[in-house]
Amino acid sequence: TVPVEKLSTVQMIAALLKDNMRTVNGLVLITILLAMMSLAKHWLSDPYRFPLEVVEVKGDFRYLDKQRLQDAMAAHVEGGFFTVDVNAIRTAAEQLPWVYKAAVKRVWPATLRISIEEQQAIARWGEQGYLNRNGEPFYPEASGLVLPLPSLAGPEGHELKVLKNYRSVARTLAPLGIQVASVELDSRRAWHLQFENGVLLELGRVETRERLQRFIRAYPTVFATRIEELKRVDLRYSNGFSVYWQQLAANPETDTQG
């Protein structure tokens, strides 16, 4: 490398021109590449050049109306293979109540594959909703369809808590041959259970597990032989419970066990 102070004026000008030419050549090359990329993008985005020929919709549908699903996605299935908006299609599908999850992918050279996972309702929620296996509520449009599932209810945001409690009490009571039909957490955060035969258990807000165990311990001697007559058991006592029998339905008196 020759020090700058030892270069002649002509040599300095030549060096500068050489460096500038390199810069200009680089800029020209970049400009050409950008122009080619723009042309390629325009060429690939032409829907008439790479049209979609097949739209596949896959899934096991029990309650989801497939025609309604297709109608919801139809407005977004437009453009060519490279330009179709897969995110918009997925969003449109997942807005339908019976759709739990949708996956949309392009399959070369001209296919759009849409995979749908339907909601799996495991319990009714409130008056019109259902809960899926994750305790997430969804609300299908009124259609007259009422699935034979346990009925759960509670304040908004407590869906998973109610579902977990239902599962817990159902397991706890199963050895007695008792099936739980409904679980409710009311606005005061008190728990109410109802069996398949209509018997109602009042557990209150605190010590609910201990109160349920109190019912279980008393079941063989107090309730098992008269289960058809049993109407309601109020366990909201420190050491006992109140029993309401069917023949006392019109009489406010109750039997209280200590």
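Right above here is the structure, for reference.
The model shown is predicted, which means the values in this text are computed figures rather than measured ones. (Residues numbered from 1 in each chain as written. Predicted model: local features only at pLDDT ≥ 70, side-chain atom pairs only at ≥ 80, totals over all residues. Heavy atoms only, no water.)

Novice: What's the story with the packing of helix α4 (residues 159-173) against helix α5 (residues 208-223) in this structure? I'm lost.
Specialist: Relative to each other, α4 and α5 sit at 20 degrees, their axes nearing to 11 Å. For the element pair α4 / α5, the angle class is roughly parallel. With respect to the hand of their crossing, α4 and α5 are arranged in right-handed fashion. Residues Val-169, Thr-172 and Leu-173 of α4 pack against Leu-212, Gln-213, Phe-215 and Ile-216 of α5. Residues belonging to the contact of α4 with α5 are distributed by class as follows: five nonpolar, two polar and no charged. (Axes fitted to C-alpha atoms, helices over the stretch in contact; angles between N-to-C directions. Helix = DSSP H or I, 4+ residues; strand = E, 2+ residues; numbered from the N terminus. Parallel < 35°, antiparallel > 145°, perpendicular 65-115°, else oblique. Left-handed = near helix turned anticlockwise from the far one by under 90°. Contact = heavy atoms within 4.5 Å. Nonpolar A, V, L, I, M, F, W, Y, C, P; charged D, E, K, R; others polar.)

Novice: How should I be thinking about the side chain of Asn-132 in this particular structure?
Specialist: Tracing the backbone shows Asn-132 in the loop between β5 (129-131) and β6 (137-138). We classify Asn-132 as buried; its relative accessible area is 1%. A distance of 3.1 Å separates the side chain of Asn-132 from the side chain of Gln-119, its partner in a polar contact. In terms of polar contacts, Asn-132 uses its side chain to reach the backbone amide nitrogen of Asn-134, at 2.9 Å. Beyond its immediate sequence surroundings of up to four residues, Asn-132 is in contact with Tyr-100, Gln-119, Gln-120, Ile-122, Phe-138 and Leu-163. (Buried < 20%, exposed > 50% of the residue type's maximum accessible area, 1.4 Å probe, protein only. Polar contact = N/O pair within 3.5 Å; in protein donor to acceptor, adjacent residues only side chain to side chain.)

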